[in-house]
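Residue-level listing of the chains:
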Amino acid sequence: MRKLARACVAGLLLALTSTFSIGSAQAAEEVSVISGVMQGPMGEPMAGVELSATGPDGFTADLTSAVDGSWSFEISIAGEYFVTIDPTTLPSGVALTEPDKLTKQVIVFMIGSPTPTVKFLTGDGPERDPMWQTAMQLTLDGIILGITISLAAVGLSLIFGTTGLTNFAHGELITLGGLTTFFFNKMGLHVVLAAIISLAICALIGGYAQDKLLWKPLRRRGTGLIAMLVVSIGFGLLVRYVFLYIFGGDKEQFLQYAGQAGWQFGPFSLTPKALVGLSIGVLLIGLTTAWLLKSKLGKASRAVADNPALAAASGIDVERVINVVWILGAVLAGYAGVMMGLNQGVQFIMGSDTLLLIFAAVTLGGLGTAFGAIVGSMIVGLFIQLSTLIIPTELKYVGALAVLIIILLVRPQGIMGRKERIG
Amino acid sequence: MDWTFIFQQSISSAVGVNAIIFALAAIGLNMHFGYTGLLNFGQAGFLAVGAYTVAVLVVNFDVSVWIAFLAGIFAAILLALLLGVPTLRLRADYLAIVTIATAEIIRQVARSVTLREYFGGSDGITGKFGADFFAINPFPAGLDLPLLRYTPNDLWVVVVGWGLVVIFVFFTYLMMRSPWGRVIKAIREDEEAVRSLGKNVYLYKMQSLVLGGVVGAFAGFVYAISRQSVQPDNYSTALTFFAYAVLILGGAARVLGPVVGAVIFWFLLVFIEQTLRGLVNIDKIPDWLMNQNQVGQVRFMLVGLGLMLLMIYRPQGIFGDKKELALDARA
């Protein structure tokens, strides 16, 4: 009964998963409670500190400390749980004494038995300045988020433009980039090298093979666009849970640069890794734009988006263009995954959680226009971060999605879209 | 391996509350997707609105459960109008994006800490909010068959649930034979042609969205009452995708499609899951290949794969008619 099972999928993934689990998962009636109290340096309770928890079987919970500083959540499966604190939600003047240990591990051997209390030690931290400084920092965060979204959104938009497919599995390309980078990183490669290999895999499997083996045959069969949309939903669900099956449900950090200290530029605080990640992201988007505008293939892809039949008649190899667009889209999305992994860690759900924001960005910019997707992404990114000045952080995505609906009411073709596309 | 237990679990799922909830959700989707061609990916939102309206009104405001049901229907109508007004004039995939986004908004608002005192945060609301409903339970004893056991209250829920399914199936049957139904199906086939006949396509689509949404709210009622609790994460997009799998499995645009789909879907799902669980327990499947936690994840992979294969090879489902359903959005 108290069999302690070590879960690992095939020998080579041994290093990846270290989830402990207990024999019977069916005794769901009993629960254990994992709890803790957030206290400041003087022992005063701290309310409104945000924490997140992950555990076996894809368990996740978002928590906020109550007025007396306490927080807790119930679990019904024994195993290894992780509680992560969001240090930016600590009150002004308070900081963690171990700023690189944001995640604490709790192992629950048996449901029903008491669990150890989770403690985060705090000390005096920098006084945080009011509104305008927060706003400046949020603007920077918004730009980073906007670039991340636009990396994925450009690919989604290009694929939609050339094939008409609304790809609900595009988020899984982000996860593929993040998780394979983590995989090779854990195998012993430096994260930069791991990311390069991961992007090659994204191009080969996520882009080239996905198009050749799944979508091209469907186009050949003459499968309708709505049917393909439903196929992409099924495919996304399948891939997402294959990721969970192999990699487990925990949020993981890359081995290098995990707890990096931030640089202070005036009102902005930025970690070097975020700066490097952002620069490469901007560069990739710049290169994609140049490719679309200047190169022969890029122009051809716009021609295919405009009118596939006419493009084919004027000698453009439509299938080749579509394949190249898939590869490009997969690499860009994969890099978005690497960037998210650097800043927030990787998890099987990271891509599908971002998917709705990507759709919001693409719709905002106008479906099928790559440049619109970039503009839309930056607006969504900035809006999400800056809205936390007014609304609670946990509802920031709600605000972005609500704006999407309002935009559709007012200007359904999006900011840069053409009217005839929407009818 | 305990085959009796496995069959018992599978059958009680296939004729029990799970099948009822998904049959109702899929009947609503059938109205949207099967007959009208509307891509509603926010059916979970309609269920959530129905379930939460009942739970919140009864537990927090002490309203009679019957009035709460009426309020739930009203809330579903409002949600349908809210979704339809901005999107029904646009191309099909806009509705898909907006509905999936709205369902997520509803879930995230329901689980937010900010509104915890109303919606109970991520724990949801638990309470005896079905008391009025169970008070009129006519069954003094439960059911005790070899493969099927119910407590009196469960039996009451199941009987009422299947009653609702029958009513809505019959309703769909009548509607689709009426002139209204012919217009609806014509809209799915060729919107422009219907418009050229002087019909107000927008209005018809809106009516379809409202009707299907209300059926979805009933699925939410059954969900809430049967468990005597509502939890936000039960109403995630996965629920919508499961309902689509049910609908397409049984056959979209078929009156009985959702019901047949729900029964087969839940029987297969639970049967495969319990068999795998049994095999893992007696170590027929080695631990490095699959452990107890991973068995639960196989369910989602199967649904995903099933949805793909059905849509590619048999989009009309088991009983559907391929001619009935010409799915294509790009005009």
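Quick caveat: nothing in here was measured; it's all calculated off a predicted structure. (Residues numbered from 1 in each chain as written. Chains lettered and ligands numbered in written order. Predicted model: local features only at pLDDT ≥ 70, side-chain atom pairs only at ≥ 80, totals over all residues. Heavy atoms only, no water.)

Caption draft 1: Region of the structure containing the overall build of chain B. In terms of regular secondary structure, chain B is built from 14 helices and four strands. Compactness check: chain B gives a C-alpha radius of gyration of 20 Å against a globular reference of 20 Å for 331 residues, within 12% of the reference. Judged by the C-alpha coordinates and their principal axes, chain B covers about 65 × 50 × 40 Å. Long-range pairs, those at least 24 residues apart, make up 74% of the contacts in chain B between residues at least 6 apart in sequence. Averaged over its 23 positive side-chain charges, chain B has a centre that lies 8 Å from the centre of its 20 negative ones. (Helix = DSSP H or I, 4+ residues; strand = E, 2+ residues; numbered from the N terminus. Rg over C-alpha atoms; globule rule 2.2 N^0.38 Å. Contact = heavy atoms within 4.5 Å. Lys, Arg positive; Asp, Glu negative; His and termini not counted. Charge placed at Lys NZ, Arg CZ, Asp CG, Glu CD.)

Caption draft 2: Geometry of the overall build of chain A. When helices and strands are tallied, chain A shows eleven helices and twelve strands. Split into buried and exposed, the 423 residues of chain A put 55% on the buried side. As displayed, chain A offers around 17800 Å² of accessible surface, 65% of which is attributable to carbon and sulfur atoms. (Buried < 20%, exposed > 50% of the residue type's maximum accessible area, 1.4 Å probe, protein only. Areas by Shrake-Rupley, 256 points an atom, 1.4 Å probe, with all protein chains shown as cover.)

Caption draft 3: A look at the domain arrangement of chain A. Residue and element names in this part refer to chain A. Segmentation of chain A into domains returns domain 1 (39-128) and domain 2 (131-410). Measuring from the centre of the C-alpha atoms in domain 1 to the corresponding centre in domain 2 gives 30 Å. Across the boundary between the two partners, domain 1 contributes seven residues, which contact nine residues of domain 2. Summed over both partners, the interface of domain 1 with domain 2 comes to about 590 Å²; 52% of that surface belongs to carbon and sulfur atoms. Summed over the three residues of domain 1 that lose the most area to domain 2, namely Glu50, Thr54 and Gly58, the buried surface amounts to 44% of that side. At the junction of domain 1 with domain 2, the criterion picks out zero salt bridges. Across the side of domain 1 that touches domain 2, the residue classes tally to one nonpolar, four polar and two charged. (Domains from an automatic or database assignment. Buried area = accessible area lost by both parts, 1.4 Å probe. Salt bridge = Lys/Arg side-chain N within 4 Å of Asp/Glu carboxyl O. Nonpolar A, V, L, I, M, F, W, Y, C, P; charged D, E, K, R; others polar.)

Caption draft 4: Representation of the packing of aromatic side chains. Within the structure shown, the criterion is met by 36 aromatic pairs over all chains. Between the aromatic rings of Tyr241 of chain A and Phe300 of chain B, the centroid separation amounts to 4.2 Å while the plane-to-plane angle is 10°, which identifies the pairing as stacked. With one member in each of two chains, Tyr241 of chain A in helix α4 (residues 225-247) and Phe300 of chain B in helix α14 (residues 292-313) form a pair that bridges those chains. Accessibility expressed as a relative area gives 14% for Tyr241 of chain A, which makes it buried. Clustering of aromatic rings is evident, with ring pairs tying together Trp66, Phe69, Phe133, Phe134, Phe139, Trp156, Phe168, Phe218 and Phe221 of chain B. (Phe/Tyr/Trp six-rings, centres within 6.5 Å; stacked < 30°, edge-to-face > 60°.)

Caption draft 5: Just the environment of Pro258 of chain B, in detail. Residues and elements named next belong to chain B. By the element assignment, Pro258 lies in helix α13 (residues 257-281). According to the relative accessible area criterion, Pro258 is buried, its value standing at 0%. For the pair Pro258 and Arg177, spaced 81 residues apart in the sequence, the C-alpha separation amounts to 18 Å. For Pro258, the contacting residues outside a window of four places in its chain are Ala23, Ala26, Ile27, Asn30, Val246 and Leu247.

Caption draft 6: Fine view of the interface of chain B and chain A. Each partner contributes residues to the interface: chain B has 54 residues there, and chain A has 59 residues. Approximately 5300 Å² of surface area, both sides summed, lies buried where chain B meets chain A, with 69% of it carried by carbon and sulfur atoms. Taken together, chain B and chain A are joined by one salt bridge. Between Asp62 of chain A and Arg111 of chain B there is a salt bridge whose closest N-O contact spans 3.4 Å. For the interface between chain B and chain A, the tally reads six residue pairs in polar contact (both at pLDDT 80 or more). Where the side of chain B that touches chain A is concerned, the elements lending two or more residues are α4 (65-87), α5 (92-110), α12 (237-250), α13 and α14 of chain B. For the side of chain B that touches chain A, a count of residues per class yields 33 nonpolar, twelve polar and nine charged. (Polar contact = N/O pair within 3.5 Å; in protein donor to acceptor, adjacent residues only side chain to side chain.)

Caption draft 7: How the structure looks around α5 of chain B. Counted at 1.5 Å a residue, the expected span for α5 of chain B with its 19 residues is 27 Å, and the 28 Å between its end C-alpha atoms agrees. Counting buried positions over the 19 residues of α5 of chain B gives 16, a clear majority of the element. (Expected span 1.5 Å × (residues − 1).)

Caption draft 8: Expanded view of the environment of Gly251 of chain B. Residue placement: Gly251 of chain B occurs in the loop between α12 and α13. For the pair Gly251 of chain B and Gly34 of chain B, spaced 217 residues apart in sequence, the C-alpha separation works out to 8.5 Å.

Caption draft 9: Representation of unusual backbone geometry within the structure. Residue and element names in this part refer to chain B. For Gln228, which is not glycine, the phi dihedral falls at a positive 55°. Assignment of secondary structure puts Gln228 in the loop between α11 (201-227) and β4 (229-230). Positive phi values are uncommon outside glycine, yet Ala253 reaches one of about 65°. If you trace the backbone, Ala253 turns up in the loop between α12 and α13. Residue class for Ala253 comes out buried when judged on its relative accessible area of 6%.

Caption draft 10: Spotlight on the nonpolar core. In this structure, Leu151 of chain A together with Leu24, Phe41, Tyr235 and Phe265 of chain B are the most contacted members of the largest nonpolar core, which totals 204 residues. Leave out the neighbours within four places in its chain, and Leu24 of chain B touches Leu164, Val165, Phe168, Val215, Phe218, Ala219 and Val222 of chain B. Counting residues in hydrophobic clusters, the runner-up holds 24 residues, among them Leu51, Ile75, Ile111 and Val118 of chain A. (Core = buried A, V, L, I, M, F, W, Y, C linked by side-chain atoms within 4.5 Å.)

Caption draft 11: Representation of the pattern of salt bridges. In the structure shown here, the tally under the stated rule is 15 salt bridges over all chains. Residue Arg116 of chain B is joined to Asp123 of chain B by a salt bridge in which the shortest nitrogen-to-oxygen separation is 3.6 Å. The partly exposed category is assigned to Arg116 of chain B, whose relative accessible area is 39%. Residues Asp144 of chain B and Arg149 of chain B are paired through a salt bridge, measuring 3.0 Å at the closest nitrogen-oxygen approach. Judged on exposure class, the residue Asp144 of chain B and its partner Arg149 of chain B are both exposed. Among the charged side chains, a network of salt bridges with common partners joins Asp62 of chain A together with Glu104, Arg107, Arg111 and Asp233 of chain B.

Caption draft 12: Structural context of a nonpolar patch on the surface. On the surface, a cluster of nonpolar side chains totalling about 680 Å² of accessible area is made up of Ile406, Leu409 and Val410 of chain A together with Phe74, Leu78, Leu81 and Val85 of chain B. Counting residues per element, the ones that place at least two in the nonpolar patch are α11 (396-410) of chain A together with α4 of chain B. When residues in the nonpolar patch are grouped by element, the largest group, four residues, is from α4 of chain B. Of note, Leu409 of chain A is situated in helix α11. Judged by its relative accessible area of 48%, Leu409 of chain A falls in the partly exposed class. (Patch = residues over 30% accessible without salt bridge, like charges linked within 9 Å, V, L, I, M, F, W, Y side chains within 5 Å.)

Caption draft 13: Summary view of the side chain of Thr87 of chain B. Considering the arrangement of structural elements, one finds Thr87 of chain B in helix α4. A polar contact of 2.5 Å, which involves the side chain of Thr87 of chain B, links it to the backbone oxygen of Leu83 of chain B. For Thr87 of chain B, the contacting residues outside a window of four places in its chain are Leu408 of chain A together with Tyr94, Leu95 and Val98 of chain B.

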